[in-house]
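# Structure assessment
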Amino acid sequence: MRHQSIEEILRNNRAWAAQKQAQDGHYFQELASGQKPPYLYIGCSDSRLALTRFTGTEPGELFVHRNIANQVCLTDINFLSILDYAITHLEVKYIIVSGHYGCGGIKAALEGRTTGLIDNWVNPIRETYLQNQDEIDALPTQEQRWNRLAELNVVMQIKNLYQTSIMRQALQEGRAPEVHGWIVDISTGLIKDLHILTQQWHLRSLALAAI
Ligand code: CO
């Protein structure tokens, strides 16, 4: 795929801003006045996941955290700061944890090959694979095994989310956002809601909060 030059990208930007301004003279004035996004989106850094295009959302709707293989890491101060800001200050209504099929980070974890520094980052996903090895290995193709681990990873990351002090406190105070798990199928452009039942982690999370 031919990539656009820096000059082309900046030209695109000027054209887009001019078009928006022409359509609505107050558009940027309103955008600049502040944010109140209803969603916190936690997703993979993959360049193909053009989130706003995939979802038709507008600037100001999604507060975003992205990393390789969309992980909720309990020691990641960047992620925890975003989560705290989203829940405590922005008061987001929903948290979406989104994985995707064809994820390079998931593949690295599944195959267990040494690819450098990333091995450390995806190691928790390797653990998820090992915990579910019988189910995953029983699938007929490597692609299906790869996809299944991507789904199980979303479940695991949501479980991690409920272990953060921030979510536990929000649950205790009855202001926890609703959590959804998604998978993006890049081969079709479609988003699949995994319909993960988060209730199972609420009580555990509240029990931890009471300690
Ligand atoms: Co990915």
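Position numbers for residues start from 1 in each chain and track the written sequence from start to end. Whole-chain, interface and lining totals are the exception, using all residues; otherwise, since this is a predicted model, local features are given only for residues with pLDDT of at least 70 and side-chain atom pairs are given and counted only at 80 or more. Neither water nor hydrogens contribute to the side-chain values; these are computed over all heavy atoms in the structure.

Here, any two strands with at least 2 DSSP bridges between them count as paired. Secondary structure elements follow DSSP: runs of H or I no shorter than four residues count as helices, runs of E no shorter than two count as strands, and numbering proceeds from the N terminus. Inspection of the sheet shows strand β4 (residues 178-185) paired to strand β5 (residues 190-193) by four bridges, in the antiparallel sense. Considered in β5, the bridge of D185 is made with L190. The hairpin turn running from β4 into β5, its antiparallel successor, is four residues long, and G189 in that turn takes a positive phi close to 80°.

Okay, the packing of helix α6 (residues 118-131) against helix α8 (residues 142-161) next. Here the axes come from fitting lines to C-alpha atoms, over the contacting stretch only for helices, and the angles between their N-to-C directions go from 0 to 180 degrees. At their nearest, the axes of α6 and α8 sit 10 Å apart, and the two run at 110° to each other. Our classification of the angle between α6 and α8 gives roughly perpendicular. Across from I125, T128, Y129 and Q131 in α6, the residues of α8 making contact are L149, L152, N153 and M156. Classification convention: Asp, Glu, Lys, Arg as charged; Ala, Val, Leu, Ile, Met, Phe, Trp, Tyr, Cys, Pro as nonpolar; all other residues, Gly among them, as polar. In the contact of α6 with α8, the residues fall into five nonpolar, three polar and no charged. Here the word oblique covers every angle except those under 35 degrees (roughly parallel), over 145 (roughly antiparallel) and from 65 to 115 (roughly perpendicular). Any two residues whose heavy atoms approach within 4.5 Å at even a single point are treated as in contact.

With that settled, the discussion passes to the nonpolar core. By convention a nonpolar core is built from buried Ala, Val, Leu, Ile, Met, Phe, Trp, Tyr and Cys residues, the set being connected through side-chain atoms within 4.5 Å. Exposure categories follow from relative accessible area, calculated using a 1.4 Å probe and restricted to protein chains: below 20% of the type maximum is buried, above 50% is exposed, and the middle band is partly exposed. L40, I42, L83, I95, I106, I158 and L161 are the most contacted members of the largest nonpolar core, which has 44 residues in total. Within the residue set of this core, elements represented by two or more residues are β1 (39-44), α4 (77-89), β3 (94-100), α5 (104-111), α6, α8, α9 (165-172) and β4. Sorting elements by how many residues they give to this core places α8 first, with seven residues. Excluding its chain neighbours within four sequence positions, the residues that come into contact with I95 are L40, I42, L83, I87, L161, M167, P177, E178, V179 and H180. Membership of the second largest hydrophobic core comes to five residues, among which are Y41, L51, L62 and I96.

On domain assignment, one finds that the protein chain holds domain 1 (1-33) and domain 2 (35-210). Taking only C-alpha atoms, the centre of domain 1 and the centre of domain 2 are 30 Å apart. By convention here, the domain bounds are inherited from an automatic or database domain assignment.

With that out of the way, let us pick up the sheet that holds β5. Spatial strand order, β2-β1-β3-β4-β5: five strands in an open sheet with mixed pairing. Taken across any chain shown, the strands that pair with only one partner, and hence form the sheet edges, are β2 (62-67) and β5. Neighbour-to-neighbour, the strand axes of the sheet open up by a mean angle of 25°, direction not taken into account. Strand direction decides the pairing type here: β3 and β4, joined by seven bridges, are parallel. Along β4, the bridge assignment pairs V97 with G181.

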